[in-house]
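A closer look at the structure
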Amino acid sequence: MSIINVDVDKCVGCNACVRACPVGDANVARMDENGKLKITIDDEKCIKCGACIRACSHGARSYVDDTMRFLEDLKKGQEIALIAAPSIKIAFDGSWRHALQWLQDHGAKKVYDVSFGADICTWAHLRYLEKNPGKKLISQPCAAVVNYVQRHKPELFSNLSPVHSPMLCLAVYMKKVLGYKGKIAAISPCIAKIEEFRETGLVDYNVTMEHLRCYFEENGVKLPEVKVFSEFEFDGRQGLEGAIYPKPGGLMVNMLTHAPNLNIITSEGTESLYHDMETYSTLQESEKPDLFDVLNCGDGCNGGPATGVHYQRFAMNNIMHSVEQHARKVRKTKNKKKGVDQQFAEFDKILNLNDYIRTYKQYDINKSGVSEREIENAFVQMGKHTDAEKQFDCHSCGYRSCRDMAIAVARGLNTPENCHEFMMKSIQEERHRVNQVNEKVLAMNDELMRVFKELYENIEVVKEEAAQIQEESSKSSQEMSGVSKRIEDLNQMNRNITQAMEEINQSIAKYNEMTQNVEKIAGKINLLSLNAAIEAARAGEAGRGFAVVASNIRELSDNSKSSVGNAKESDEEIKNAIENVNQVILNFDDTVKKLIPVTNGAIEGVQTTSSNSQRIRKSMEDLEQLAKNVEDMIIETNKILQVE
């Protein structure tokens, strides 16, 4: 499980964490899918010093500890004893007793002072150096320093003090001397302590002062004011000089108090400590001090990343000075033999040095080196070719030098886009490309303007032609309507003529019937005149007059036949003529019938053409407006490009 975590949504890629981190390998910079720089943590290489958390002003980094698990187990009634680091007097200035009293009231079985463990730590260092004369040690109360050596400086293992930290010394004392069997929770100012506890198994909970303070605030636990007296006292023995361990050089002061001839040097703070550690690793053993007293935090454990407070160092020094003065006064009263430290004499009797010696775990961190060629390739990726460019060293990337950045790029820990100079060059090149594109766009805009000008002209022509089409279509429509009216009149006349011809045909039919009747009558008259002539001949002289009458009747009959014959011939001619007229009328009627739908279709076509011409005109007007809008946009773009 990761100890320090990153909220990538809050990370802005400002490189403050990279700049603050004493080991650049722990941070990995990548561009996300949106082209934004995000910096994550390689937990295996992170030393949990907490410098990045303080450096991040965006709240993107946080850490985990055992505070909530501890409080939950406390509620369940588990047997848990507390050990409180001396820096609690800084973190809960004036109310630290009340905070410990609250924890005791809520189930903590015992509360011990880690200052006493610091006294044991000093004793163990002195006895170890006595047994190993000439040994050069790096102090290890700081868990972040231990993490650094374990992960990044295995060559310093031989120098790393094997003596447990004050917290672990106290835990061993509780188990070995006091016989305590329950769990132990450490009230700690340090994030890295959680790994120390997990690795050794001597302490069960890392309860950071910051998270404990947050719990109090979130759950309405209001500690009494400073002026309110607290009856709280630590269980067991309290520390003496060990109370000043949290301040810079605290271990050195304790050691020199008992062994003033020791050669001791201190280094604190990520800005200088790890550079000094690097230098230390290059020294010959004879060049190294007897004890290199180191603390990751510039203000020592009092300024630990998990204290939750940020006092200025003068205030912290005043608090610790009071603690130191009190410790010295107590020490003087407890020394009964001049020149002999009564406390350490007691330790010699009851403590076994081997119980306070630690075996360190060495982490197999894959830290592949890079060749000069790979570094040069990284410089090329970053756009750095000259010595001046390679030594630009603006530190924007978070590294001490451009070379360090190139090494990180070569190792895949960073990206060229995180180089300020690379980005500036990229921006300049991009601006140059943009200017070139702008010029092309301007040229294209000019060409578009020309095309739109021609388009305007063509649109106007089309609009005029559409108007003419509409006008002509309107006239044609009117004319075709007149033609249709005339044809309809002809059709009506045709129907009238057809009706009249039908009446004539009926009259001729009656006339034919009458002619046939006359012909029949003429035949009968002729027969009658013949009979009369015969009778007149028989009558002789007496029938002469009758014979004349019969002759006249025969003549009338003959004339009737002749007239009927002529009438038949005329009737045949009339019939043929009328049939011809009827056929013409039929043809005329058929033509008119065919002409009417054609005419109606023509009228509809003209109307459709007129409607289409109206739509064409409307479309041309819309297109003209669209072209005008595009032209306005192009003009506005040109203005912007000219400003750019």
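Our subject is the structure listed above.
Structure report, in brief.

Rules and cut-offs
- Counting from 1, residues in each chain are numbered in the order their sequence is written.
- Side-chain atom pairs in this predicted model are given and counted only at pLDDT of 80 or more, local residue features only at pLDDT of at least 70, and totals for whole chains, interfaces and linings cover all residues.
- Based on all heavy atoms of the structure, the side-chain values leave hydrogens and waters out of the count.
- Whenever a carboxyl oxygen of Asp or Glu lies within 4 Å of a side-chain nitrogen of Lys or Arg, that contact is scored as a salt bridge.
- Strands are runs of DSSP state E lasting at least 2 residues, helices are runs of H or I lasting at least 4, and numbering of each runs from the N terminus.
- The buried label goes to any residue with under 20% of its type's maximum accessible area, the exposed label to any with over 50%, and the partly exposed label to all in between, with areas taken from a 1.4 Å probe on protein chains only.
- A pocket here means an open set of points on a 1 Å grid, computed over the protein atoms alone, that has protein on both sides within 12 Å along at least five of seven lines. A cavity is instead a set of points where a 1.4 Å probe fits but cannot get out; residues with an atom within 4 Å of a point line either one.
- Grid points are joined across faces, edges and corners, and a volume is the space filled by probe spheres set on the points.
- Any residue outside Ala, Val, Leu, Ile, Met, Phe, Trp, Tyr, Cys, Pro, Asp, Glu, Lys and Arg is labelled polar, Gly included; the first ten of those are nonpolar and the last four are charged.
- Note on definitions: a residue-residue contact is assigned when non-hydrogen atoms from the two residues lie within 4.5 Å.

With that settled, the discussion passes to the pattern of salt bridges. Inspection of every chain in the model, using the stated rule, returns 19 salt bridges. The residue R411 makes a salt bridge to D25 at a minimum N-O spacing of 2.9 Å. You can see R411 sitting in the loop between helix 17 (402-410) and helix 18 (420-539) and its partner D25 sitting in the loop between helix 1 (16-20) and strand 2 (27-31), a full 386 residues away along the chain. Residue classification places D25 among the buried residues on the basis of a relative accessible area of 9%. In this structure, E195 and R151 form a salt bridge, with 2.9 Å as the shortest nitrogen-oxygen distance. Here E195 is found in helix 9 (residues 193-200), whereas its partner R151 is found in helix 7 (residues 143-152), with 44 residues between them in sequence. Owing to a relative accessible area of 12%, E195 belongs among the buried residues under this scheme. Residue class for R151 comes out buried when judged on its relative accessible area of 5%. Look at the salt bridges and you will find they share partners, linking D43, K48, R151 and E195 into a network.

What follows covers empty space enclosed by the protein. Applying the stated criterion across every chain yields a total of 6 cavities of 30 Å³ or more. For the largest cavity, the calculated volume is near 310 Å³. Contributing elements (two or more residues each) for the lining of the largest cavity: helix 6 (114-131), helix 7 and helix 8 (166-176). The class makeup of the residues in the lining of the largest cavity is 20 nonpolar, 6 polar and 2 charged. A volume near 90 Å³ is recorded for the second largest cavity.

The computed volume of the largest pocket comes to approximately 890 Å³. What lines the largest pocket is a set of 28 residues, and nearest its centre among them are P22, V23, G24, R400 and D404. When grouped by side-chain class, the residues that make up the lining of the largest pocket number 11 nonpolar, 8 polar and 9 charged.

With that out of the way, let us pick up the environment of A192. Here A192 lies in the loop between strand 8 (183-188) and helix 9. Separated by 46 residues in sequence, A192 and V146 have C-alpha atoms that sit 9.2 Å apart. Those residues in contact with A192 that sit more than four places away from it in its chain are I47, K48, A143, A144 and N147.

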